Amino acid sequence: MIKVVFISMLVLDYGYKLLRHFLCARQRKKPLPKSVRDIHDKEQYARWLEYQTDRQKLDMVEATVRFTAMLFLFSTDIFSWVYALLPGNEFGKQCLLLCTYFLLTTFINIPFQFVRQFKIEARYGMNRCSYKTFVADCIRSFALDAGLCCGFCVFYMLYRILTCVNQLMLNILFVLLI
């Protein structure tokens, strides 16, 4: 039942993205309104439309790849299989599974970020990034994701420790009162 809910949410999210993309593409085909024709330069506006169209196309390819990957992962029992392979208690397994998910989405994002930065942005003269900076940014992004995941795990472990200490103190107090 839970699997059906997750898959339904994925399909609805992807359907919404497709609808939004279709509506934006249809709107871009319309000419510049008369009320703003004297404000915007026709050539700049046409170039901006081309840039936005290229970005939207790449965004839809990225959304399709993500949707396909997540649909595959949720429709099969891969998450259950990975969960069974992970060592530790239930919480540790959940944290490691979450980290695995973050790793997967990070690796899916990297090629699309590269194309966005070095193909689309460069085509329109907006790329100020070198390959070295791009790699450094990817490493920083990965480190932040890993840090957030580990921070969540540490926070939860502290909560569990404090809960156990609190329970121990209550037991000691109960023994002392008897």
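None of these values were measured; they are calculated from a predicted model.

> Sorry, what's going on with the pattern of salt bridges here?
For side chains bearing opposite charge, pairing can occur when the charged atoms are close. For the structure on display, the rule yields eight salt bridges. When the shortest N-O distance is used, the salt bridge between glutamate 62 and arginine 66 registers 3.6 Å. Here the residue glutamate 62 and the residue arginine 66 both occupy positions in helix α2 (residues 42-75), the gap between them amounting to four residues, near one helical turn. A residue is classified by how much of its surface remains accessible, and arginine 66, at 32% relative accessible area, is partly exposed. The partner of glutamate 62 in a salt bridge is arginine 116, with the nearest N and O atoms 2.8 Å apart. One end of the pair, glutamate 62, is in helix α2; the other, arginine 116, is in helix α4 (residues 90-123), with 54 residues separating them in the sequence. Like arginine 116, glutamate 62 is buried.

> Looking at this structure, I do not really get the packing of aromatic side chains. What am I missing?
Enumeration according to the criterion identifies nine aromatic pairs in this entry. Ring geometry for tyrosine 14 against phenylalanine 67: centres 4.4 Å apart, planes inclined by 10°, an arrangement best described as stacked. A residue pair is termed long-range when its members are at least 10 positions apart, and tyrosine 14 in helix α1 (residues 2-28) and phenylalanine 67 in helix α2 qualify at 53 residues. Ring centres of phenylalanine 114 and phenylalanine 118 lie 4.9 Å apart, and the angle between their planes is 45°; on these two criteria the pair is classed as tilted.

> Just checking my understanding: could you explain α2 for this structure?
Since there are 3.6 residues in each turn of an α-helix, residues three or four apart along the chain are aligned in direction. Here α2 contains 34 residues, and its C-alpha end-to-end distance of 48 Å stays within 8% of the 50 Å for a straight helix at 1.5 Å per residue. Residues of α2 that are buried include every one of Leu49, Tyr51, Asp54, Gln56, Leu58, Met60, Glu62, Ala63, Phe67, Met70 and Leu73, and no others. Of the surrounding elements, those touching the buried residues of α2 are α1, α3 (78-85) and α4.

About the thresholds
Residues numbered from 1 in each chain as written. Predicted model: local features only at pLDDT ≥ 70, side-chain atom pairs only at ≥ 80, totals over all residues. Heavy atoms only, no water. Salt bridge = Lys/Arg side-chain N within 4 Å of Asp/Glu carboxyl O. Helix = DSSP H or I, 4+ residues; strand = E, 2+ residues; numbered from the N terminus. Buried < 20%, exposed > 50% of the residue type's maximum accessible area, 1.4 Å probe, protein only. Phe/Tyr/Trp six-rings, centres within 6.5 Å; stacked < 30°, edge-to-face > 60°. Expected span 1.5 Å × (residues − 1). Contact = heavy atoms within 4.5 Å.

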